[in-house]
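What follows is the residue order along each chain.
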Amino acid sequence: MAEPLVDVREVSRRFGSFTAVHDVSLTVAPGEVVGLLGANGAGKTTLIRMLLGLLPPSSGTLHLFGAPPSRASRRRLGYVPQGLGLYDDLTVRENLAFVADAFGTPAAVPDDLAEVADALVGSIGLGRQRRLSFAAALAHEPALLVLDEPTSGVDPLARARLWDTVRDRAEAGVGVLVTTHYLQEAEQCDRLVLMSRGRAVAAGSEDDIVGATTAVAVRAERWQDAFTALDAAGVVVTLAGRDVRAVDADLGRVERVLAAAGVAARAQHVRATLEETMTALDRAAG
């Protein structure tokens, strides 16, 4: 088995008395896409900043390409930050030239950005800005891609095209670590790591993580009444179309709450979604 490109072992990062990342371990192998999931404040971006060498870990070990993060390892890494990392007052061509000069590689404008090559980045749409950020990250042929919310704010078609780029790079042997709020994108990942309140609370495939976690699906003529009654009783509820879903809940309790509220409904256990499982794990971590 190839040596992992990323090898994080029981890493923590503290800011005074606050622990942002607590004993997190993960690996990324060549050609593997690993999804790092979690709510805002879960510790994902702090972990990425440690990988980039911008923050030292308070404890644990963190290796890129077999050694601690350094200027040399940064040359083998491509990074797409959540804020894109582009210069709005430079053109598309000038942004790419700047990155090419930094890495000592030829500057080239991708075909799909050619018509806006001489436009200021601040004047082009977000979808093209994200495509430009990807092009800049890939210009020096990195062995590892670190992507922090790379498709945030773009339309579904643009997201799909960006994920085509991610999969193409992975098939060429590039390792990818990606954070995302779009749980549909979790299906594009080979493995997932779920973080909650600074801890890694689950890891594996989507099936591994969901496992035996269940939800209670409630079908009621007046779904609003069912939702209100369960929410008032402290049951964590979500909506899936017109179905009310009680996350990691006891079927008998759900039925009793609905009956006490006079809500006519049919309830049954169903397999939880990934989002519902994350909710249950977050509650358990708290």
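Structure: see above.
Residues numbered from 1 in each chain as written. Predicted model: local features only at pLDDT ≥ 70, side-chain atom pairs only at ≥ 80, totals over all residues. Heavy atoms only, no water.

S.K.: Could you give an account of the overall build of the protein, with specific residues and numbers?
M.R.: What the protein contains, in helices and strands, is 9 helices and 13 strands. Expressed along its principal axes, the backbone C-alpha trace of the protein runs to roughly 70 × 45 × 40 Å. A sequence separation of at least 24 residues applies to 70% of the contacts in the protein between residues at least 6 apart. Carbon and sulfur atoms make up 48% of the accessible area of the protein, which totals about 14,100 Å². (Helix = DSSP H or I, 4+ residues; strand = E, 2+ residues; numbered from the N terminus. Contact = heavy atoms within 4.5 Å. Areas by Shrake-Rupley, 256 points an atom, 1.4 Å probe, with all protein chains shown as cover.)

S.K.: Hey, could you go over helix H8 (residues 251-260) for me, with residue numbers and the actual values?
M.R.: Considered for burial, the residues of H8 that qualify are Val254, Val257 and Leu258. Taken down its axis, H8 places every buried residue within 95° of arc, on the same side. Looking at H8, the residues exposed on the side facing more than 90 degrees away from the buried face are Arg256, Ala259 and Ala260. Here the buried face of H8 lies against strand E10 (214-220), helix H7 (223-232), strand E12 (243-247) and strand E13 (265-271). Taking the backbone nitrogen of glycine 252 as reference, a side-chain oxygen 3.2 Å away marks aspartate 250 as the first, capping residue of H8. The positive-phi residue at the C-terminal boundary of H8 is glycine 262, with phi of around 70°. (Buried < 20%, exposed > 50% of the residue type's maximum accessible area, 1.4 Å probe, protein only. Arc of directions from axis to C-beta. Polar contact = N/O pair within 3.5 Å; in protein donor to acceptor, adjacent residues only side chain to side chain.)

S.K.: Could you give an account of the packing of H7 against H8, naming the residues involved and the relevant values?
M.R.: Here H7 crosses H8 at 115°, and the two axes come no closer than 9 Å. One finds that H7 runs roughly perpendicular with respect to H8. Viewed along their axes, H7 and H8 form a crossing whose handedness is right-handed. Residues Ala226, Ala229 and Leu230 of H7 form the contact with H8, whose participating residues are Val254, Val257 and Leu258. (Axes fitted to C-alpha atoms, helices over the stretch in contact; angles between N-to-C directions. Parallel < 35°, antiparallel > 145°, perpendicular 65-115°, else oblique. Left-handed = near helix turned anticlockwise from the far one by under 90°.)

S.K.: Please set out the side chain of asparagine 95 residue by residue, giving values where relevant.
M.R.: Summarising the element assignment, asparagine 95 is placed in helix H3 (residues 92-103). At 3.5 Å, the side chain of asparagine 95 and the backbone oxygen of leucine 90 are in polar contact. The contacts of asparagine 95, once residues within four sequence positions are left out, are Leu86, Tyr87, Leu90, Val121 and Leu132.

S.K.: Quick rundown of H7? Include the residues and the values.
M.R.: Every α-helical turn comprises 3.6 residues, leaving residues that sit three or four positions apart pointing alike. Within the sequence span of H7, burial applies to Ala226, Ala229 and Leu230. Down the axis of H7, the sector holding all buried residues measures 95°, keeping them to one side. Exposed and oriented more than 90 degrees from the buried face of H7 are Thr228 and Ala232. Where H7 is buried, its residues meet E10, strand E11 (237-240), E12 and H8. Glycine 234 occupies a position one or two residues after H7 and carries a positive phi of about 85°.

S.K.: Give me the sheet that holds strand E5 (residues 77-80): which residues, what numbers.
M.R.: In spatial order, the strands read E5-E6-E7-E3-E8-E9; together these 6 strands make up an open sheet with mixed pairing. Edge positions in the open sheet fall to E5 and strand E9 (199-204), since each of these has one partner strand only. For this sheet the average axis-to-axis angle between neighbouring strands, irrespective of direction, equals 15°. As defined by bridge partners, strand E3 (residues 33-37) adjoins strand E7 (residues 175-179) across 4 bridges and the pair is classed as parallel. Following the sheet pairing, leucine 36 is matched in E7 by threonine 179. Strands E3, strand E6 (144-148) and E7 of the sheet are contacted by helix H5 (residues 156-171), whose axis makes an angle of about 135° with E3. (Pairing = 2+ DSSP bridges.)

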